[in-house]
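The chain contents come next:
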Amino acid sequence: MRISIPQESRPGETLVAATPRTVEQLVRLGYDVTVEAGAGAAANVPDAAYEAAGARIGDRLEALSGDIVAMLGAPDADAFSQLTPGAILVGMLAPHGRPELIDALAERGITALSLDAVPRISRAQSLDVLSTLSNVAGYRGVIEAAEAYGGMFAGQVTAAGKTAPASVFVVGGGVAGLAAIGAAVSLGAQVRAFDVRPEAGEQIESMGATFVHAAAAQQAVSQDGYASELTAEQERHTRELYAQESARADVVITTALVRGSAPVTITAEMVAAMRPGSVIVDLAASGGGNCELTVPGERVVTPGGVVILGWTDLPSRMPQHTSQLLGTNIVNLVKLLTPSKDGHAVIDLEDPVVRGMTVAHDRAVLWPPPPVHVSAAPAATPDGAGVDAQQAGASAVPRVPTTSRRGAWLAGVGAAALAVALAFASPAFLAMFTVFVLAVVIGYYVISNVSHSLHTPLMSQTNAISGIILIGALLQLGSSSAVVTSLAVIAAAVASVNVFGGFLVTYRMLGMFQKGA
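Residues numbered from 1 in each chain as written. Predicted model: local features only at pLDDT ≥ 70, side-chain atom pairs only at ≥ 80, totals over all residues. Heavy atoms only, no water.

Draft legend 1. Looking closely at the sheet that holds strand E16 (residues 358–361). Across the sheet, which stays open at both edges, the 8 strands sit in the order E3-E2-E1-E4-E5-E6-E16-E17 with mixed pairing between neighbours. Only two strands of the sheet have a single neighbouring strand rather than two, namely strand E3 (56–58) and strand E17 (364–365). In this structure, E16 lies alongside E17, joined through 2 bridges in antiparallel fashion. Bridged to His361 within E17 is Ala364. (Pairing = 2+ DSSP bridges. Helix = DSSP H or I, 4+ residues; strand = E, 2+ residues; numbered from the N terminus.)

Draft legend 2. Expanded view of the nonpolar core. Judged by nonpolar contacts, the single largest core of 41 residues is most densely connected at Ile5 and Leu333. Among the elements that take part in this core, helix H11 (residues 319–337) stands out by supplying 6 residues, more than any other. Leu333 has contacts with Val90, Leu113, Leu115, Leu127 and Met357, leaving out every residue within four places of it along the chain. Ala180, Ala183, Ile204 and Ile253 belong to the second-largest nonpolar core, a separate cluster that totals 30 residues. (Core = buried A, V, L, I, M, F, W, Y, C linked by side-chain atoms within 4.5 Å. Buried < 20%, exposed > 50% of the residue type's maximum accessible area, 1.4 Å probe, protein only. Contact = heavy atoms within 4.5 Å.)

Draft legend 3. Spotlight on the packing of helix H1 (residues 20–28) against H11. Contact geometry for H1 and H11: axes closest at 9 Å, N-to-C directions at 10 degrees. What the angle tells us is that H1 and H11 run roughly parallel. Residue-level contacts link Arg21, Thr22, Gln25 and Leu26 of H1 to Gln324, Gly327, Thr328, Val331, Val334 and Lys335 of H11. Class assignment for the residues of the contact of H1 with H11 results in 3 nonpolar, 5 polar and 2 charged. (Axes fitted to C-alpha atoms, helices over the stretch in contact; angles between N-to-C directions. Parallel < 35°, antiparallel > 145°, perpendicular 65-115°, else oblique. Nonpolar A, V, L, I, M, F, W, Y, C, P; charged D, E, K, R; others polar.)

Draft legend 4. Representation of the packing of aromatic side chains in the model. As enumerated under the stated definition, the model contains 4 aromatic pairs in all. Ring centres of Phe194 and Phe211 lie 6.5 Å apart, and the angle between their planes is 5 degrees; this geometry places the pair in the stacked category. Of this pair, Phe194 sits in strand E10 (residues 190–194) while Phe211 is found in strand E11 (residues 210–211), placing the two residues 17 residues apart along the sequence. Judged by relative accessible area, Phe194 falls into the buried class, the value being 1%. An aromatic cluster of three or more residues is present, and its members are Phe169, Phe194, Phe211 and Tyr242. The positively charged end of Arg108 is found above the aromatic ring belonging to Phe80, 5.7 Å away from the centroid. (Phe/Tyr/Trp six-rings, centres within 6.5 Å; stacked < 30°, edge-to-face > 60°. Lys NZ or Arg CZ within 6 Å of the ring centre and 35° of its normal.)

Draft legend 5. Layout of the environment of Ala272. Looking at the secondary structure, you find Ala272 in helix H10 (residues 268–272). Overall, Ala272 belongs to the exposed group, its relative accessible area being 66%. Considered as a pair, Ala272 and Ala247 are 25 residues apart in the sequence and their alpha carbons are 8.9 Å apart.

Draft legend 6. Summary view of the UniProt feature "transmembrane region" (unreviewed entry) in the protein. Under the UniProt annotation, the feature "transmembrane region" (unreviewed entry) is placed at residues 407–424, 430–447, 459–477 and 483–505. Secondary structure content for residues 483–505 is 100% helix and 0% strand, and the end C-alpha separation is 33 Å. (UniProt positions renumbered as here; feature names shortened; annotations may be inferred.)

Draft legend 7. Structural view of the side chain of Thr338. Topologically, Thr338 is positioned in the loop between H11 and helix H12 (352–357). Side-chain polar atoms of Thr338 contact the side chain of Tyr31, separated by 2.5 Å. In this view, Thr338 contacts Leu29, Tyr31, Gly343, His344 and Ala345; residues no more than four positions away in its chain are not counted. (Polar contact = N/O pair within 3.5 Å; in protein donor to acceptor, adjacent residues only side chain to side chain.)

Draft legend 8. Local environment of the side chain of Thr254. Among the secondary structure elements, Thr254 is positioned in strand E12 (residues 251–254). Residue classification places Thr254 among the buried positions, given a relative accessible area of 0%. Separated by 3.1 Å, the side chains of Thr254 and Asp282 make a polar contact. Polar side-chain contacts of Thr254 include one of 3.3 Å to the side chain of Asn290. When neighbours within four sequence positions are excluded, Thr254 is seen to be in contact with Val171, Thr265, Ile266, Val281, Asp282, Leu283, Ala284 and Asn290.

Draft legend 9. View of the sheet that holds strand E9 (residues 167–171). Strand order in this open sheet of 7 strands is E11-E10-E9-E12-E13-E15-E14, and the pairing throughout is mixed. For this open sheet the edge positions go to E11 and strand E14 (299–301), each flanked by a neighbour on one side alone. Inspection of the sheet shows E9 paired to E10 by 5 bridges, in the parallel sense. Bridge pairing in E10 places Val171 opposite Phe194. Across the sheet, helix H7 (residues 175–186) lies against E9, E10 and E12, angled at about 165 degrees from E10, the strand it touches most.

Draft legend 10. Summary view of the pairing of E12. Every second residue of E12 is oriented toward a common face, with Val251 and Ile253 on one face and Val252 and Thr254 on the other, all of them buried. Examined bridge by bridge, E9 and E12 share 4 bridges and lie parallel to one another. Bridge pairing in E12 places Val171 opposite Thr254.

Draft legend 11. Fine view of the pattern of salt bridges. Scanning all chains against the criterion turns up 14 salt bridges. For Arg60, the salt bridge goes to Glu36, with nearest N and O atoms at 2.8 Å. Placement of the pair is Arg60 in helix H3 (residues 60–63) and Glu36 in strand E2 (residues 32–36), with a sequence separation of 24 residues. Look at Glu36 and you get buried, because its relative accessible area is 9%. With a closest N to O distance of 3.0 Å, Asp313 and Arg317 form a salt bridge. Looking at Arg317, the relative accessible area reads 29%, which means it is partly exposed. By sharing partners, the salt bridges in this structure join Arg140, Glu144, Asp313 and Arg317 into a single network. (Salt bridge = Lys/Arg side-chain N within 4 Å of Asp/Glu carboxyl O.)

See the structure below:
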């Protein structure tokens, strides 16, 4: 089968659905690849690079007549008319908002796989183009904010004085929000962030930002894995929080986009309370904008001097890396469709990932797909037919797990035994035991207060401290006591594992940052 990559038809689009690296992967799967001449020019990918990767350069008609046509956007009228009946079309087709296109594809006999309909399950993460675009948009949004902001993100100490770092507030801790946090932190800004999902706080803090705690404004995750709607009370508390944080921030980055629609999180009154020169980057501008004053696709300056950026093409402003990432998403999809790696795609509608993306097949419209089970939260247990009210009330009473009671009992017995043993111990042993206990307590508090993002390098470094234990164990191997010798052998073995393991982790981490790794 032949996979064809046409040039994107949207005016000003710089992205392309394949790069030379992804073309090589498609060829290894057994496919012939045709790329339209000049398709990668806007992303600085010449035709010669595609040819060197194994693709053939063709004209517009050849690029739209493949057995599989891979593109990023939906086809326009001209491209649609040149698709071959029976072909497989891969692209962001927006089936929730363009039912007429899906109907036309089904009537023409096109099998349509929508890249923006990937089910949100673990198996499908490598195909999720929306996460890819959000990641790039979050990063680029900070770059745009830095350009529009009239100061430096990082604080400076110079002979002429010092400047304070910029204060950045990020609304949302999803893919775009975390990418924006990472970029802003790397530029030296002081970053604060909020998400209505309390479990997002750990991820926000792992990126180096301060998670704004507001229990009254947060919610639990619904059973389908997504956040549920806010109550009126929660909405009031979030508005108060956004008003406080936006007033103190130099840069506000909003990321709330729910199935293509952007709820208003920053009102006109909040914007009026911001300092002149402040910047709002609305990453949800494509869905109408989270800021009440956002104009999609435009730069707005309010009478109070606040700059509001509503760019809708942030991923296209970084075409090289975005095209590579999106091309990899498409390669992962083709791998899923080609289990035999023989260059023949198979549409397996029993696969929940394939079924969720397939919006048209065999001249039938398959949108919307059946729901996919998400195990993010345990499903509610259905009521039993023979359970009476008394039993139901009894089951609602919290019970202390048996294992917890047993653990508490054993801990109490152990503490009593330890107290008796210490009462008859020698002064020398008590001194050593005191040092040991203090080391454990100090070590616990030191490690528990280290940022999650530093846990791996911290482990690889501190494991080398086990070398001290190893030396002490070696010195005790000549003891006349069999018990001391046995403990020394065990300590030496365990410490050796920690030492070599720590250096192995460090080596592997350094390898991740080597060019070409």
